[in-house]
Amino acid sequence: MGSSTVEKKIEATVVLWRVLLFALRLGGFFIGTILVIGLVLAFLFKVYPWTVGYVIFMNHIHFPPFRNYSDFESHGLHGQNLYLTSGDNRLGVWKLQPQLHSSDPTTTPVVLYIHGAQGSRAAYHRVQMYRILLEMGSPVVTFDYRGYGDSTGIPTSELDLFKDAMVVYRWTRAQFSDRPIFIWGHSLGTGVSARLVETVEISGGGQGVIDGLILDSPYSSMFDVMRLSPLLHLFHEVPHFTQLLLAALEEADVTLNSSDRIRSTRTPLLILHAEDDWVIPVKLGRKIFEVAQRRSELFPGVVSEYVEYSSRLKYGHRGIYRDPLLPGRVLNFAAKAAEWRHANAAGAAGG
């Protein structure tokens, strides 16, 4: 009886050791794989810095691959599909109009929507956001950067994205010269939006006035995103990976430092971020808001607002359009922005 019990304990111990050894081998294989991939990426960043842009922009990912960009009916939208020229590139643009015009056109802003990485202006989550804005009574202009959707060319740097955004902004300003214009940036597009707003302000009225900036799931800088991304967390343990990544971002001109750009702007700002955003950690949205709040030292009373969504809502990186209070939040922000702009009209006009 006692001998049988001892044998069972020995057998159980042997099984446990085998499981442990298998786990260690599996873990070693996993760690080895991470090390190899990390070293390959580090090598690519060192020798071909432009590859970091390829990883970030992801303009090569199209799903579904074939779209009819003039088929607004299938999206429940009403608008015009048109094309603008940016350098040697053709940009696909949507000009969307609300069906109901009950809102006051002098106070309800036109929204220039600057989207993030992957896909096109027709992506599902983007269309849902357009519909929310249109129901508010806001016309929406949106576009695909070069290399996205049906736009021609290839983006190689932050400057390329900015140039495309500027072309569409100038066109939008000309189309709606008597309306307030808001820039709505999402994800990758928040960095482009921050640069656009800063540039327009520096022009001192030469490019018109941007009346409000909404940053949806933003980041403080692209390096912060790459440093804190759950997808790259283990790669930062690879020797020299982090340093080479930073050097590649700078050499390829893909730094997208939103914090530095926001710090010097007076444009009213609304930040939206979900606590469970697994692509861009919510702490980066908080970081931008901290920077934005300090703007009041230069521009007393400037509007800076922040909305953080609980992880219980499961909005993640692309689901803020599901917020039932979003139209009210945006319209309330628009009213505050208009009030601040009116009170500071002389200062804004002087640059």
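The numbers attached to residues start from 1 for each chain and follow its sequence in the written order. Residue-level local features of this predicted model are given only where pLDDT is at least 70; pairs of side-chain atoms are given and counted only at 80 or more, and the full residue set underlies all totals for whole chains, interfaces and linings. To get the side-chain values, take all heavy atoms of the structure and skip hydrogens and water.

*Asks:* How should I be thinking about the pairing of strand S2 (residues 89–96) in this particular structure?
*Replies:* Remember that side chains alternate between the two faces of the sheet whenever the strand is regular. Relative accessibility under 20% of the residue-type maximum defines a buried residue, over 50% an exposed one, and the middle range a partly exposed one, all with a 1.4 Å probe and only protein chains included. In DSSP terms, a helix is any run of H or I states spanning at least four residues, a strand is any run of E spanning at least two, and both are numbered starting from the N terminus. Within S2, seven of the eight residues are buried, which leaves the element mostly enclosed by the surrounding structure. By definition, two strands form a pair when at least two bridges between them are found by DSSP. In this structure, strand S1 (residues 79–86) lies alongside S2, joined through eight bridges in antiparallel fashion. The residue of S2 that forms the bridge with Leu84 is Leu91. Connecting S1 to the antiparallel partner S2 that follows it, the hairpin turn spans two residues, and Gly87 within it adopts a positive phi of roughly 65°. Relative to strand S4 (residues 140–143), S2 runs antiparallel, the two being bridged by four bridges. Bridge pairing in S4 places Val93 opposite Phe143.

*Asks:* Can you help me understand helix H5 (residues 188–202) in this one?
*Replies:* At 3.6 residues per turn, the α-helix brings residues three or four places apart onto the same side. Taking 1.5 Å per residue as the helical rise, H5 with its 15 residues ought to reach 21 Å, and the 22 Å between its terminal C-alpha atoms agrees with that figure. For H5, a buried count of 13 out of 15 residues is recorded, marking the element as mostly surrounded by other parts of the structure. Helix span, expected: 1.5 Å multiplied by one less than the number of residues in the helix.

*Asks:* Hey, could you run me through the packing of helix H4 (residues 158–175) against H5 in this one?
*Replies:* Geometry of a packed helix pair, given as the angle between the helix axes and the separation of the axes. Packing of H4 against H5 leaves a shortest axis separation of 9 Å and a crossing angle of 65°. Considering the relative orientation of H4 and H5, their crossing is right-handed. Counted together, Glu158, Leu159, Leu161, Phe162, Ala165, Met166 and Tyr169 of H4 and Leu188, Val192, Arg195, Leu196, Thr199 and Val200 of H5 form the full contact between these two elements. The residue makeup of the contact of H4 with H5, split by class, is 10 nonpolar, one polar and two charged. Each axis is a line fitted through C-alpha atoms, and for a helix only the stretch in contact is used; angles between axes span 0 to 180 degrees, taken between their N-to-C directions. Helix crossings are classified by the rotation of the near helix relative to the far one: an anticlockwise turn of less than a right angle makes the crossing left-handed, while a clockwise turn makes it right-handed. Contacts are residue-level and defined by heavy atoms, with any inter-residue pair within 4.5 Å sufficient. Under the grouping applied here, Gly and all other residues not named as nonpolar or charged are polar, the nonpolar ones being Ala, Val, Leu, Ile, Met, Phe, Trp, Tyr, Cys and Pro and the charged ones Asp, Glu, Lys and Arg.

*Asks:* It is not clear to me how the confidence of the model for the chain should be interpreted in this structure. Could you clarify?
*Replies:* Close inspection of predicted coordinates is inappropriate in any region flagged by low pLDDT. Confidence in the prediction of the chain, expressed as mean pLDDT, is 87, and 86% of residues score 70 or more. pLDDT runs from 0 to 100 and stands for how confident the predictor is about each residue. Throughout residues 347–351 the model reports pLDDT below 50, and contacts reaching past four residues in sequence, or to other chains, amount to six contacts.

*Asks:* Would you mind going over a nonpolar patch on the surface with me for this structure?
*Replies:* What goes into a patch is any residue over 30% in relative accessible area without a salt bridge, connected to like charges within 9 Å or, for nonpolar side chains (Val, Leu, Ile, Met, Phe, Trp, Tyr), within 5 Å. Each accessible area is a Shrake-Rupley estimate made with a 1.4 Å probe; only the visible protein chains count as cover when residues are assessed. By definition, a salt bridge exists where a carboxyl oxygen of Asp or Glu is found within 4 Å of a side-chain nitrogen of Lys or Arg. Judged by side-chain polarity, Phe43, Val47, Tyr48, Trp50, Tyr54 and Val55 come together as a nonpolar surface patch covering roughly 640 Å² of accessible area. When residues of the nonpolar patch are traced back to their parent elements, those giving at least two are helix H1 (2–47) and helix H2 (51–57). Inspection of the secondary structure puts Tyr54 in helix H2.

*Asks:* Can you help me understand the pattern of salt bridges in this one?
*Replies:* Where charged atoms from two side chains of opposite charge approach closely, those side chains can pair. Taken as a whole and judged by the stated rule, the model has 14 salt bridges. Arg173 is the partner of Asp211 in a salt bridge, and the nearest nitrogen-oxygen pair spans 3.8 Å. Remark: Arg173 occurs in helix H4 and Asp211 occurs in the loop between H5 and strand S6 (212–216); sequence separation between them is 38 residues. Of the two residues examined, Asp211 and Arg173, each falls in the buried class.

*Asks:* Help me out: how do you make sense of the sheet that holds S1 in this one?
*Replies:* Sheets are built from strands paired through backbone hydrogen bonds, the pairs being either parallel or antiparallel. Spatial ordering of the open sheet is given by S1-S2-S4-S3-S5-S6-S7-S8, a layout of eight strands whose pairing is mixed. A strand with exactly one partner marks an edge of an open sheet, and here the two such strands are S1 and strand S8 (304–309). The sheet shows a mean angle of 20° between the axes of neighbouring strands, taken without regard to direction. Sheet contacts for H4: S1, S2, strand S3 (110–114), S4 and strand S5 (181–186); angle to S1, the most-contacted strand, approximately 125°. Here helix H9 (residues 282–293) sits on the sheet in contact with S6, strand S7 (269–274) and S8, set at roughly 165° to S8.

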